[in-house]
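# A look at the structure
Here are the chains, one letter per residue:
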Amino acid sequence: MSRIRSALLPPALAILFAAALCAVALVISGASPLTALGVMIGQVGQGTTAVDIVNSAAIYYIVALAAAIGFQMKLFNIGIEGQYRLAACVAAIVGGLIVLPPVLHTLVIIVVAVLVGAVWAGIPALLKAYRGVSEVISTIMLNAVSLGAIAFLIRPDSFGVLQGNNISTKPIEPSGQFPGLDTGAGTIFGMVVVAVLLGVGYWFLLNRTRFGFELRASGESATAATAGGVNAKRMVIIALVLSGAVAGLAGLPEVLGRDFAYTLTSPQGYGFTGLAVALLGRNHPAGIAFGALLWAFLDKSAIALDNIGVPRDIVLIMQGSVVLSVVVAYEVVRRYELAAEQRRVAAQLRGAPAADKEVVG
Amino acid sequence: MRHRRGMAFAAAVLSSALVLAGCARDTGTPAAGGDAAGTECARNAAPAAAGGAAAPSAAPIAPNADASALRVGLAFDVGGRGDQSFNDSAYAGLERAVAELGLVQDNTREVAAATGESEDARVSRLRQLATEGFSPVVAVGFAYSESLTTVAAEFPDTQFAIVDSVVDLPNVTSLTFAAEQGSFLVGAAAAMRTTSCQIGFVGGVEVPLIQAFEAGFVQGAKAVAPDVEVDVDYISPAGDFSGFNDPARGTEVARGQLDSGADVVYHAAGGSGQGVFEAVAAATTAEAPKYAIGVDSDQFNTVAAPTNEVIMTSMLKRVDVAVFNFINAVAAGDTSVLPQTFDLSVDGVGYSTTGGGVDDLVADLDAYKAAIINGDITVSSTP
């Protein structure tokens, strides 16, 4: 009971607090918070918004899982941004250059993406394990490097194709595309299934394997884990590489399900969204799924705010304050429960061995 | 020798005046023009305008129509209103339609894009405008190419326009600009003005669209002074659109060029341009003046004083003219009157004279302009 409460209460508090903050901001700017919420919920039924939310949530879920794997070991993989973008770009290039039988073609693209993500995350992993370089610094710097690498790769004189004022990689033939589910109001990416499977795999890895136990143990206390026979260097490398491998998949739902190429205007910023969603979901597979859906809802429904003249930036305020307040809320609830625990123990101590105490006192 | 743009000259008078202006090139350089660096920079004479030189066409593309029944949707690119450049220029076109065509302000809607957003966000934005009955819908920026292709096919009865891209559908009007032609003219102006024989180009993001600005600028500069050195730098690489909205890095890049000897810097970097202007304003002195060249809008007017004093001219890319004329054409029911490309011949691109920074160069610049319009000079859009 208490465990469920300590898991669910903080995010609930954080969302309520963030919503209250947004309501205040809306009232100050002269708009009605209830109307704003109303049109955002109403937007879900419009056009392809519901499907867009599911698709985006799947992407956010994959990046958040990547972040969560690092978080389990107190590793901040800020480089997810660069890992998924470079992986998507290279995978799209490879996918466009080769033609294979249907399923095989798609699998090759997925494997390439995973490998690129893993290799790109392997650099900070090795630096961290053998040279003690902070993964925060090295991954941020590698993000900048990956930007340059992508710009080089999609130049028209390397692998790019000029399309008007846009540049894209060579389109992937239908044999390499990942078929989706056409709902009539938009197509749900086939990769959504992969995202769900990844979540199940993440849960299994963490709770049912020795590796998962060692991962969590290293995160709780590195020294204790080392004393228990866990190879710290090996854990750092595996955790970061695994995180990068998962991150490598994040660009694929759109590349394989909609765009069939990587272009100049391919989306950015998922990596940072992933960190926020993992934080919100407390690294729990179900929590992350909830966080990803909430994030996607806020992102996709925000378009309706333009209709009633409310600046869409209110959603950014909401997302930012959710992340900040969820951190604060966990800490507040943790302290509150610690204090309650202390009081309970103190009460028990006062009650049971009363005789001893009186002798001492 | 000072002539105002827009005045009509007899061709013969014009050409002889221009030849004289070209020969007397040294008088065009400012006080410091007599120093060693200045004399090293050999300059060509401006082209003599051939007989029947095209006069700048100030005439409207079509007579004003009544747009009071239209509901106009405007989907901005990243940055949205307030970028003092590209998006604001599109909005200015809408404002002009409200003022002159009877378009009702309440019947217009503007929606803005978010940085790094996904394709489905762009599709939803356009679809929503179309669903609510807005027609025409103007998509500002080439990022909308794919999404507009999707949505325009779904709404065949809605009129669409896209800025900076070509979408080949019957209900889509493509509003493209010959940015390289306008950039050619400001490149020529920069080469006429420089005393160090070194000028700079600061691009926002290294994408084909901005490379056209670079290409035109370099060609214009080399046409005037074949030996001029042009520093070309981009703030961010292709795919990272932050370079259009990062004044701090604009300052750094421009300062690097100024430090290495450039004394005229042209930017095509959207919101980052403010940083470029500040770098030039900080480096300029009475003995060694430095100049900046703005882009898209007449930035002497949009940038606050005293920073704007360093802006000698701006390359005008008249998105406002294109948007206004498109709305007008839709109101009149015939979009076929619109030019294929908004170029120098329809004043779709050009240069500004506000602030008087190029008053002494106008005659030469208009000669180059006439030469481009009548085909004597062809400006390539790739560097």
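Residues numbered from 1 in each chain as written. Chains lettered and ligands numbered in written order. Predicted model: local features only at pLDDT ≥ 70, side-chain atom pairs only at ≥ 80, totals over all residues. Heavy atoms only, no water.

Under an unreviewed UniProt entry, the name given to chain A is ABC transporter permease, and the source organism is Pseudonocardia hydrocarbonoxydans. Of the comments in the UniProt record for chain A, the one headed Subcellular location (unreviewed entry) reads "Cell membrane". (UniProt positions renumbered as here; feature names shortened; annotations may be inferred.)

Residues and elements named next belong to chain B. Mean pLDDT for chain B: 85, with 86% of residues reaching 70 or above. The low-confidence segment residues 1–39 (pLDDT under 50) makes 53 contacts with residues lying over four places distant or belonging to another chain. Taken as a whole, residues 51–56 scores under 50 in pLDDT and shows 6 contacts with residues more than four places along the chain or in a different chain. Quick note on the complex model: pTM equals 0.85, ipTM equals 0.84. (pLDDT = per-residue confidence, 0-100. Contact = heavy atoms within 4.5 Å.)

Moving on, we get to helix H6 (residues 135–153) of chain A. All names here are of chain A. Between the first and last C-alpha of H6 there are 25 Å, a value that for 19 residues agrees with the 27 Å anticipated at 1.5 Å per step. Residues of H6 that are buried include every one of Glu135, Ser138, Thr139, Leu142, Asn143, Ser146, Leu147, Ile150, Ala151 and Leu153, and no others. Taken together, the buried residues of H6 touch helix H4 (80–97), helix H5 (102–131), strand S1 (160–163), helix H10 (232–248) and helix H12 (270–280). In this structure serine 134 caps H6, since a side-chain oxygen of it lies 3.2 Å from the backbone nitrogen of valine 136. (Helix = DSSP H or I, 4+ residues; strand = E, 2+ residues; numbered from the N terminus. Expected span 1.5 Å × (residues − 1). Buried < 20%, exposed > 50% of the residue type's maximum accessible area, 1.4 Å probe, protein only. Polar contact = N/O pair within 3.5 Å; in protein donor to acceptor, adjacent residues only side chain to side chain.)

Attention shifts here to empty space enclosed by the protein. All names here are of chain A. Applying the stated criterion across every chain yields a total of 2 cavities of 30 Å³ or more. One number sums up the size of the largest cavity: a volume of about 60 Å³. For the largest cavity, the full set of lining residues is Tyr84, Ala88, Gly251, Glu254, Val255, Asp259, Tyr262, Ser266, Pro267 and Tyr270. Looking at the lining of the largest cavity, the elements with two or more residues in it are H4 and helix H11 (252–259). Looking at the lining of the largest cavity, the element that brings in the most residues is H11, giving 3 residues. For the lining of the largest cavity, the residue count by class is 6 nonpolar, 2 polar and 2 charged. (1 Å grid on protein atoms, 1.4 Å probe; cavity = no way out; pocket = protein on both sides within 12 Å on 5 of 7 lines; lining within 4 Å. Points joined across faces, edges and corners; volume = space filled by probe spheres on them. Nonpolar A, V, L, I, M, F, W, Y, C, P; charged D, E, K, R; others polar.)

A common measure of how large an interface is: the accessible area buried when the components associate. Contacts between the two partners involve 28 residues from chain B and, on the opposite side, 26 residues from chain A. When residues of chain B are sorted by the area they lose upon contact with chain A, Asp120, Gln128 and Pro208 of chain B head the list and together hold 21% of the total. Our enumeration of links across chain B and chain A arrives at 2 salt bridges. Viewed at the interface, chain A and chain B are joined by 11 residue pairs in polar contact (both at pLDDT 80 or more). When contributions to the side of chain B that touches chain A are tallied by element, the ones reaching two or more residues are strand S2 (108–113), helix H5 (119–131) and helix H8 (208–224) of chain B. (Buried area = accessible area lost by both parts, 1.4 Å probe. Salt bridge = Lys/Arg side-chain N within 4 Å of Asp/Glu carboxyl O.)

A few words now on the layout of surface pockets. Leftover empty space is mapped by rolling, across the atoms, a probe with the size of a water molecule. All names here are of chain A. Estimates place the volume of the second largest pocket at around 1,500 Å³. Lining the second largest pocket are 37 residues, and of these Gly281, Arg282, Asn283, His284 and Tyr330 sit closest to its centre. Breaking the lining of the second largest pocket down by element, the ones donating at least two residues are helix H1 (2–28), helix H3 (49–72), helix H7 (191–208), helix H8 (210–220), H12, helix H13 (285–301) and helix H14 (313–351). Per-element accounting of the lining of the second largest pocket gives the leading share, 9 residues, to H1. Class assignment of the residues belonging to the lining of the second largest pocket gives a composition of 21 nonpolar, 8 polar and 8 charged.

Residues and elements named next belong to chain B. Cis geometry is found at the peptide bond from serine 135 to proline 136, where omega equals 10°. Along the chain, proline 136 falls in the loop between H5 and strand S3 (137–140). Positioned with a positive phi, aspartate 164 is a non-glycine residue whose angle comes to about 75°. Tracing the chain through its elements places aspartate 164 in the loop between strand S4 (160–163) and strand S5 (172–177). A positive phi angle is found at aspartate 296, which is not glycine, with a value near 70°.

For the rest of this paragraph, the subject is the UniProt feature "transmembrane region" (unreviewed entry) in chain A. UniProt records the feature "transmembrane region" (unreviewed entry) for residues 53–71, 83–100, 106–127, 136–154, 184–206, 235–252 and 314–333 of chain A in the present numbering. For residues 314–333 of chain A, the end-to-end C-alpha separation is 27 Å, with 100% helix and 0% strand making up the annotated structure.

In this section: the sheet that holds S3 of chain B. Residue and element names in this part refer to chain B. Pairing is parallel in the open sheet, where 6 strands are placed in the order S2-S1-S3-S4-S5-S11. Each of the sheet's edge strands pairs with one partner strand only, and the pair in question is S2 and strand S11 (341–342). Inspection of the sheet shows S4 paired to S5 by 4 bridges, in the parallel sense. Residue valine 163 lies in a different strand from S5, and its bridge partner there is leucine 175. Lying over the sheet, helix H6 (residues 145–154) contacts S4 and S5, oriented at roughly 170° with respect to S4. Contacting strand S1 (72–78), S3, S4, S5 and S11, helix H12 (residues 319–332) runs over the sheet at an angle of about 155° to S5. (Pairing = 2+ DSSP bridges. Axes fitted to C-alpha atoms, helices over the stretch in contact; angles between N-to-C directions.)

Okay, the side chain of threonine 313 of chain B next. Residue and element names in this part refer to chain B. Residue placement: threonine 313 occurs in strand S10 (residues 311–317). The exposure class assigned to threonine 313 is buried, which follows from its relative accessible area of 1%. Within the local environment of threonine 313, its side chain forms a polar contact with the backbone oxygen of serine 352, the two atoms lying 2.6 Å apart. What threonine 313 contacts, discounting residues up to four positions off in sequence, is Val186, Ala292, Ile293, Gly294, Tyr351, Ser352 and Val358.

Residues and elements named next belong to chain B. Alternating positions in S4 separate into two faces, Phe160 and Ile162 on one and Ala161 and Val163 on the other, with burial throughout. For S3 and S4, the ladder comprises 4 bridges, and the chain directions are parallel. Considered in S4, the bridge of valine 140 is made with valine 163. Each parallel crossover has a hand, and the one from S3 via H6 to S4 is right-handed. (Right-handed = clockwise from strand over helix to strand, strands pointing away.)

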